[in-house]
Amino acid sequence: MRTSVTVAHTRRVLCVFPAYAPSFGTFSHAYKLMPGVRAFMPPQGLLLIAAYMPAQWPVRVIDENIQPASAADLAWADVVLVSGMHIQAPQIRDIARRAHAAGKVVALGGPSVSASPEMYPEIDYLHIGELGDATDALIVRFDESVAPPAAQMRFETAERLALTDFPIPAYDLVPLRRYLMLTLQFSSGCPYRCEFCDIPGLYGRQPRLKTPQQIVAELDAMRAQRHPPAVYFVDDNFIGNRKATREMLPHLVAWQKQHGYPLQFSCEATLNIAKQTEILALMREASFKGIFVGIETPEADALKAMRKEHNVALPMMQAIETLNRYGLEVTAGIILGLDTDSPETEARLADFIDVSCIPILTINLLQALPKTPLWERLARADRITDDPSLESNVRFLRPYDEVIGLWRRAIARAYDPERLFARFIDQVEMTYVNRITTPARGRLTWSNVKFGAIFAFRILYYIGIKSNYRRPFWRAARHALARGQVDMAFAMAFVGHHLIEFTREALRGEQNASFYSARQQQSVPALEAPLRKSA
């Protein structure tokens, strides 16, 4: 549904999403392999806001991961709406500066300003919290005037709009074909209280839900234009409400069967999903291919210290093997710099990666996000720093240089091409062969065939011929192709390419050690050698 606010004036609304900094998880190096792809995921929150605006207000959405908002875009607008995370703060401020220079009023919403409104004194209007009564109040304000306020005004949500009343995100306002994957939200909130996580504080511990009918309607809306075949459920925890997930999945299966399985899905969830075999069986039937799990660390004492005991509800390796048996390739989030890290941490992490055979790991340094239990604990101990020369805002218990050295050695080892593609070979037998075989008709379109041909050519050229890691790639590709895993031969190529290239940049000091790091980058070439030995 749209807002219930009755407006008297027409306002042109420009929604602008700031660019992301590169990271392990955005796969930016892979875009050049994929025709037309320019960005990771659509800006789900802004697309929702765009769809909520009054019907008579013209709305445009600009994702600066694809192209920057132009002078003409800003000239067209009466108001500029921006959303983003903490890591996007510099880009948020830059958008506000350009909008102000064009004489436009700016409103900022989203997770960063909701957690830390004090970070944005230069923004005209702050929308704090989720879609709800604050959104309606902001619309009323814009209907009254689009002149800059005399002082910053804040609108804070007291009554959230129920997810069952959410409109279908305005997918028609962005070019879906430009994205690596699409996004879909079924629930919001997470029942757990992990120390470093800001989700419970922002969105609550009681998951709120859309109906299965809403999910199906959003999938239909995506299919109205050209789109990538992958959809990521952006739920904070896909099994935050296990009963609701179990009841929704048959609708997803039925939709896939009706349309010939045009899409494949992935999600993020806690590792204890391995205990929910009924859910896993339905996920397999719905063509879920991947799952992001916040492993954080293989050390049980460390998990208990960060209030993540649910990661040891089952033996960790047993849980990963269970997910693999249902065709789910695990992507693992790993954190270094924990208070519990010891001289043995490096070896334990290496053993975990080798034994689990997880190919993709986002290995980050610990960051303290505002309004989290971690932030509060470290602030009391005077262990929060804002030094822009450092990779983290945490004063580690171990010497800073030791922690950075551990991170550098960990990514160098994990993404050594020989080791990386060997783990992909293991996944062929452990995971890929356990997936259902879906009919080709849902994906057999002219645009998909053309995309696949160009994609295959670029992989052959850039990775199979030009790269200095072509030998381990070809070993993995031959193994996958021999078992009929053509799609996965392509997938391991573009994923591997990004991980290797991003790691090389990080070891040269050109990328930061965390998705949330605000460090000013400097060249540090010492550890590039380990990733150059494969040719």
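Residues numbered from 1 in each chain as written. Predicted model: local features only at pLDDT ≥ 70, side-chain atom pairs only at ≥ 80, totals over all residues. Heavy atoms only, no water.

The subject of this paragraph is helix α16 (residues 446–466). Compared with the 30 Å implied by 1.5 Å per residue over 21 residues, the 29 Å span of α16 between its first and last C-alpha is a close match. Most pronounced at Leu-460, the bend in α16 amounts to some 30°. All buried positions along α16 are accounted for by Phe-455, Ala-456, Ile-459, Ile-463 and Gly-464. (Helix = DSSP H or I, 4+ residues; strand = E, 2+ residues; numbered from the N terminus. Expected span 1.5 Å × (residues − 1). Bend = angle between axes of the 7 residues up to and from the residue. Buried < 20%, exposed > 50% of the residue type's maximum accessible area, 1.4 Å probe, protein only.)

Spatially, 6 strands are ordered β2-β1-β3-β4-β5-β6 in an open sheet, and the strand pairing comes out parallel. Whereas interior strands pair on both sides, the edge strands pair on one side only; in this sheet they are β2 (59–63) and β6 (153–156). Put simply, the sheet's adjacent strands are angled 20° from each other on average, direction ignored. The pairing of strand β5 (residues 125–128) with β6 spans 4 bridges and is parallel. Within β6, the position partnered with His-127 by the bridge is Phe-155. (Pairing = 2+ DSSP bridges. Axes fitted to C-alpha atoms, helices over the stretch in contact; angles between N-to-C directions.)

Taken in spatial order, the 6 strands of this open sheet run β7-β10-β11-β12-β13-β14, and their pairing is parallel. Of all strands in the sheet, those bounded by a partner on one side alone are β7 (182–184) and β14 (360–365). Taking the axes of each pair of neighbouring strands and ignoring which way they run, one obtains an average angle of 20° across the sheet. Direction of pairing for strand β13 (residues 329–336) relative to β14: parallel, over a ladder of 6 bridges. If you follow Ala-332 over to β14, its bridge partner there is Leu-361.

We now examine the packing of helix α7 (residues 212–222) against helix α8 (residues 242–259). Two elements in contact, α7 and α8, have axes separated by 9 Å at closest approach and are oriented at 30°. When the axis of α7 is compared with that of α8, the two are roughly parallel. For the element pair α7 and α8, the recorded crossing hand is right-handed. Between α7 and α8, the residues in contact are Pro-212, Gln-213, Ile-215, Val-216, Leu-219 and Asp-220 and Met-248, His-251, Leu-252, Trp-255 and His-259, respectively. Of the residues in the contact of α7 with α8, the class split is 7 nonpolar, 3 polar and 1 charged. (Parallel < 35°, antiparallel > 145°, perpendicular 65-115°, else oblique. Left-handed = near helix turned anticlockwise from the far one by under 90°. Contact = heavy atoms within 4.5 Å. Nonpolar A, V, L, I, M, F, W, Y, C, P; charged D, E, K, R; others polar.)

A word on the pairing of strand β4 (residues 105–109). When you tally the buried positions in β4, you get 5 out of 5 residues, the bulk of the element. Alternating residues of β4 divide into Val-105, Ala-107 and Gly-109 and Val-106 and Leu-108, and every residue in both groups is buried. Looking at chain direction, strand β3 (residues 79–83) and β4 are connected through 5 bridges and run parallel. Looking at β4, one finds that Leu-81 is bridged to Ala-107. Pairing of β4 with β5 involves 2 bridges; the strand directions are parallel. Each bridged residue has a counterpart across the sheet, and for Leu-108 the counterpart in β5 is Leu-126.

A few words now on the confidence of the model for the chain. Looking at the chain as a whole, its pLDDT mean stands at 93, while 96% of the residues score no less than 70. Note that residues 521–535 has pLDDT below 50 and, in this model, 43 contacts with residues that lie over four places away or in other chains. (pLDDT = per-residue confidence, 0-100.)

This next bit is on the pattern of salt bridges. The full count for this structure, using the stated rule, is 24 salt bridges. In this structure, Arg-60 and Asp-73 form a salt bridge, with 3.9 Å as the shortest nitrogen-oxygen distance. Note that Arg-60 is positioned in strand β2 and Asp-73 in helix α2 (residues 71–76), a separation of 13 residues in sequence. Note that Arg-413 and Asp-354 form a salt bridge whose closest N and O atoms lie 2.8 Å from each other. Note that Arg-413 is positioned in helix α14 (residues 400–414) and Asp-354 in helix α12 (residues 345–356), a separation of 59 residues in sequence. The exposure class of Arg-413 is partly exposed, given its relative accessible area of 27%. Given the relative accessible area of 37%, Asp-354 is considered partly exposed. If you follow the salt bridges from partner to partner, you end up with Glu-64, Asp-94, Arg-97 and Arg-98 in one network. (Salt bridge = Lys/Arg side-chain N within 4 Å of Asp/Glu carboxyl O.)

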